[in-house]
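What follows is each chain in one-letter form.
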Amino acid sequence: MSAVSRQTGNIPPGVISSSPLIESGPNYINYISGMRLSHSIAAGIMLACASGQLDAQAACVKHDAPNEDIGAQLSRFRRVPMGPATAGLTTREKQLVQKLVDASRFVESIYWRQSDLAGLALYKGLAGCASTSDNNIRRFLEINGSRYDLLNENKPFIGKDPYPPGRESFPKDITQKEIDDYVAAHPDKKADIYNPLTVIKRQGSDLVAIPYHVAYREWLVPAAKALRDAADLSADKAFANYLRLRADALLTDDYYASDVAWVKLENPKFDIIFAPYETYLDDFLGVKTSYGAAVLVRNESESQKLAKFVQYVPDIQKSLPLEDIDKPSKEGRKAPMEVMDTPFRAGDIRHGYQAVADNLPNDPRIHEELGSKRIFFKNFMDARVNYVVLPIAKLLMRPDQASMASMDGYLSMVVMHEISHGIGPAFSRTAKGKVDIPEALGPIQSALEEAKADVVGMYALDYLMTRGALPKARSRDYYASYVAGIFRTVRFGVAEAHGRGQMMEFNYLTEKGAIVREASGRYAIDFTKIPSAIASVAKELLEIEATGDRARAEAWFNKYDQMPETLKAALAKASSVPVDIEPVSAFADQIK
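Residues numbered from 1 in each chain as written. Predicted model: local features only at pLDDT ≥ 70, side-chain atom pairs only at ≥ 80, totals over all residues. Heavy atoms only, no water.

Asks: Honestly, the pairing of strand β7 (residues 290–298) in this entry has me stumped. Any pointers?
Replies: Here is the key point about a regular strand: its side chains alternate between the two faces of the sheet. Taking burial as the measure, the nine residues of β7 include nine buried ones, the bulk of the element. Here β7 shows no split at all, with S290, G292, A294, L296 and R298 on one side and Y291, A293, V295 and V297 on the other all buried. With eight bridges joining them, strand β6 (residues 270–278) and β7 adopt antiparallel strand pairing. Bridging from a neighbouring strand, I273 pairs with A294 of β7. (Buried < 20%, exposed > 50% of the residue type's maximum accessible area, 1.4 Å probe, protein only. Helix = DSSP H or I, 4+ residues; strand = E, 2+ residues; numbered from the N terminus. Pairing = 2+ DSSP bridges.)

Asks: In this structure, what is going on with the packing of helix α10 (residues 217–233) against helix α11 (residues 237–250)? I would like to understand it.
Replies: Think of two packed helices as two axes; the pair is described by the angle between the axes and how far apart they sit. Orientation of α10 relative to α11, taken along the N-to-C sense of each, is 170°, at an axis distance of 8 Å. Relative to α11, the element α10 is oriented roughly antiparallel. Taking contact as the criterion, the partners of L220, A223, A224, L227, R228, A230, A231 and D232 in α10 are, on α11, A240, L243, R244, R246, A247, D248 and L250. When grouped by side-chain class, the residues that make up the contact of α10 with α11 number ten nonpolar, no polar and five charged. (Axes fitted to C-alpha atoms, helices over the stretch in contact; angles between N-to-C directions. Parallel < 35°, antiparallel > 145°, perpendicular 65-115°, else oblique. Contact = heavy atoms within 4.5 Å. Nonpolar A, V, L, I, M, F, W, Y, C, P; charged D, E, K, R; others polar.)

Asks: Help me understand the sheet that holds strand β8 (residues 337–347), please; the structure alone is not making it clear to me.
Replies: Two modes of strand pairing occur in sheets, parallel and antiparallel, and in both the strands are linked by backbone hydrogen bonds. Read from one edge of the open sheet, five strands run β6-β7-β8-β10-β9, paired in mixed fashion. Both edges of this open sheet fall to β6 and β9 (357–360), since each of them pairs with a single strand only. Averaged over neighbouring strand pairs, the angle between their axes works out to 35° when direction is ignored. Here β8 pairs with strand β10 (residues 373–377) via four bridges, running parallel. Within β10, the residue paired with V339 across the bridge is F376.

Asks: Honestly, the packing of aromatic side chains in this entry has me stumped. Any pointers?
Replies: The description of an aromatic ring pair uses the distance of the two centres, along with the angle that the planes make with each other. In the structure shown here, the tally under the stated rule is 20 aromatic pairs. Judged by centre distance (5.3 Å) and plane angle (45°), the ring pair of F487 and Y523 falls under tilted. Of this pair, F487 sits in helix α22 (residues 475–489) while Y523 sits in strand β14 (residues 523–525), and the two are 36 residues apart along the sequence. Summarising the burial analysis for this pair, F487 and Y523 share the class buried. (Phe/Tyr/Trp six-rings, centres within 6.5 Å; stacked < 30°, edge-to-face > 60°.)

Asks: What am I meant to see in unusual backbone geometry here?
Replies: Residue L360 is joined to P361 through a cis peptide bond whose omega torsion reads -5°. With respect to the helices, strands and loops of the structure, P361 is situated in the loop between β9 and α16 (364–369). One non-glycine residue with positive phi stands out, namely E153, at about 55°. With respect to the secondary-structure elements, E153 resides in the loop between β2 (148–149) and β3 (155–156).

Asks: Quick question: what am I supposed to make of the state of the cysteines here?
Replies: Any covalent bond linking the sulfur atoms of two cysteines counts as a disulfide. A complete count under the given rule lists one disulfide for this structure. Bridging C60 to C129, the disulfide has an S-S length of 1.9 Å. Because the torsion about its S-S bond is 95°, the bridge between C60 and C129 counts as right-handed. Taken together, the residues span a long stretch of sequence, with C60 in the loop between α2 (39–51) and α3 (70–74) and C129 in the loop between α5 (117–125) and α6 (132–144) at a distance of 69 residues. (Disulfide = S-S within 2.5 Å.)

Asks: Please explain helix α17 (residues 378–396) as it appears in this structure.
Replies: What sets the pattern is the α-helix's 3.6 residues per turn: residues three or four places apart point alike. When the terminal C-alpha atoms of α17 are compared, their 26 Å separation across 19 residues agrees well with the 27 Å that a helix rising 1.5 Å per residue should span. The largest bend along α17 reaches roughly 40° and is located at V385. Looking at α17, one finds that the buried residues are K378, N379, F380, M381, A383, R384, V385, V388, V389, I392, A393 and L396. (Expected span 1.5 Å × (residues − 1). Bend = angle between axes of the 7 residues up to and from the residue.)

Asks: So what exactly am I meant to see when it comes to the side chain of H421 here?
Replies: Considering the arrangement of structural elements, one finds H421 in helix α19 (residues 407–421). Note on H421: relative accessible area 15%, which makes it buried. Setting aside its immediate chain neighbours within four residues, H421 contacts N359, H367, E449, E450, K452 and A453.

Asks: Can you walk me through the environment of A519 in this structure?
Replies: Mapping A519 onto the fold places it in the loop between β13 (515–517) and β14. For A519, a relative accessible area of 91% translates into the label exposed. Each C-alpha atom of the pair A519 and N386 lies 28 Å from the other, and the pair is 133 residues apart in sequence.

Asks: For this particular structure, what's the right way to read the environment of R298?
Replies: Within the fold, R298 resides in strand β7. Sequence-distant contacts of R298, that is, excluding residues within four places in its chain, are made with N267, P268, K269, S303, E338, V339 and M340. Engagement of the side chain of R298 in a polar contact is seen with the side chain of N267, the distance being 3.1 Å. A polar contact of 2.7 Å, which involves the side chain of R298, links it to the side chain of E300. (Polar contact = N/O pair within 3.5 Å; in protein donor to acceptor, adjacent residues only side chain to side chain.)

Asks: Just to check I follow, could you spell out the nonpolar core for this structure?
Replies: General note: in soluble globular proteins, nonpolar side chains tend to be found buried as a group. Counting 146 residues, the largest nonpolar core has I273 and F274 as the members making the most contacts within it. Considering each element in turn, this core owes the most residues, twelve residues, to helix α21 (residues 445–467). Setting aside anything within four residues of it in sequence, one finds I273 in contact with W262, G292, A293, A294, L296, I349, D358, L360, I375 and F377. Of all hydrophobic cores here, the second largest spans 22 residues; its members include L126, L150, L151 and I591. (Core = buried A, V, L, I, M, F, W, Y, C linked by side-chain atoms within 4.5 Å.)

Asks: What am I meant to see in empty space enclosed by the protein here?
Replies: The probe, sized like a water molecule, is rolled over the atoms to show the empty space still left. In total, this model carries five cavities of 30 Å³ or more according to the counting rule given. Here the largest cavity defines a volume of roughly 60 Å³. Taken together, E302, K305, L306, V339, F376, K378, M381 and L411 form the lining of the largest cavity. Of all the elements in the fold, those that place two or more residues in the lining of the largest cavity are α13 (300–305) and α17. Among the residues forming the lining of the largest cavity, the class breakdown is five nonpolar, no polar and three charged. (1 Å grid on protein atoms, 1.4 Å probe; cavity = no way out; pocket = protein on both sides within 12 Å on 5 of 7 lines; lining within 4 Å. Points joined across faces, edges and corners; volume = space filled by probe spheres on them.)

Asks: Before we go on, may I ask you to explain the pattern of salt bridges in this structure?
Replies: A side chain with one charge can pair with a side chain of the opposite charge if their charged atoms come near. Inspection of every chain in the model, using the stated rule, returns 43 salt bridges. A salt bridge links R139 to E582, with the shortest nitrogen-to-oxygen separation between them at 2.7 Å. Placement of the pair is R139 in helix α6 and E582 in strand β15 (residues 580–585), with a sequence separation of 443 residues. Across the pair, exposure class does not vary: R139 and E582 are buried alike. Note that K452 is salt-bridged to E545, the shortest N-O span being 3.8 Å. Residue K452 is found in helix α21, and its partner E545 is found in helix α24 (residues 530–547); the two are separated by 93 residues along the sequence. Residue classification places K452 among the buried residues on the basis of a relative accessible area of 1%. (Salt bridge = Lys/Arg side-chain N within 4 Å of Asp/Glu carboxyl O.)

Written out as structure tokens, the structure is:
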């Protein structure tokens, strides 16, 4: 496909990247006009960003005053150092880890261009600033991965540009009607428009879908080289093969073979998440994926503890309250679980909500044919539980139940959450036939899928306790840890998928009497009601995914996703507890 033509204005040849996503001339100035930068300053930032020459020695860029108290917002995050995880490694293994980090840095560079080009310009422009206020703005840009405050419904914390639901994957002023009308007039283009791995640009009256491997080639080529260099350093032949296949995939957008090789890895000492997997940046169509990376070093002792869960995945799938046609068999499917320390993360795994686990890949073909991989980030899990989950439980829950929440209970809940991402329907059965679930449900799918994984995970824990696979005596610990996790997550608000999902869960469970606000203002769990309430909402969400009923999904969330004033007041009293961690890697940034 041909790329969108670009106006270059007076910019010298060779300065602008060959990527069609690097806007040029007046177009790029428009991106940062919301910050009221002068034309000369904006042009200077543009040129330096495009050529990769803006560094810590650059002049400090002028900018608008922030729209929020940035210092106050930063105080809501707990800075946590994440060590290099290289203790006990050989020199060659340390070199391998470094190459994986090098490759991941290019993912970081791509992610910013998917998320917020003007935010990237400002982030780079502040690199040479000395004032505390400027450094705080830069730090908050890094936390959010953009100029939009995740904790404040994605409102801009600096500048005037409103939040664009499609971020940089679509023209800023595009509407759903324009997409619908265009697809109706050009049905042969629908697959390209809805392809998770394309960027949509206007070319006259036409809409052009640019493949990721074309749009981001400038960063994907060196990333692929770094992965191949890492493969040459690996003593694990299977892991080396995966790295080479993934390097090839970056330059073709065909991830199938490398995903298969990745899921088939057996107990790797080193691993890496490296792909555009998640759709969290796309609040427009809900289908465009963003790049993410995580360098992983195996925690062997913790990994062995999870082996017991794998054998039950096929039985849990069979037990789900769904028609058989919507429960593809998991017999013989792989469900590897890895507990890993994570010294470096990039892209959508790094910014915003700090994940403690992942279930990947998301390709439904892989799920049906092979299975999926569950990865648990041990150092991030420890930080979340110790600094956020347990402290907030002590402030919001009745004391006797708050004491039931624990690291082990929370880990068990997270394990089942990740398992539940890989079970249930693989596709939606609609009037138009079999459709990928994200396409069928649209932007609501991200929040719905996270909520589904939560409640199906708790449903599965109850199933395992009933089967005797887990001790029934621990049930209250599991439910208390789950509810403590809800209080942690809803503080992100409904602009974030996990926060919106758990806000819905809280309101539904409250409606059913499973969570009760007592006269003291603390919350208590009714342990006699919560199992059936969870089973009920699990059935609802599974059926929505199975049928692809977007209207039903939107109506459900519209009913249940608003935060009650009583909960707002309770959370306000817990302001001493950080909302999330802010990981500080031992490996420095090098955004290109």
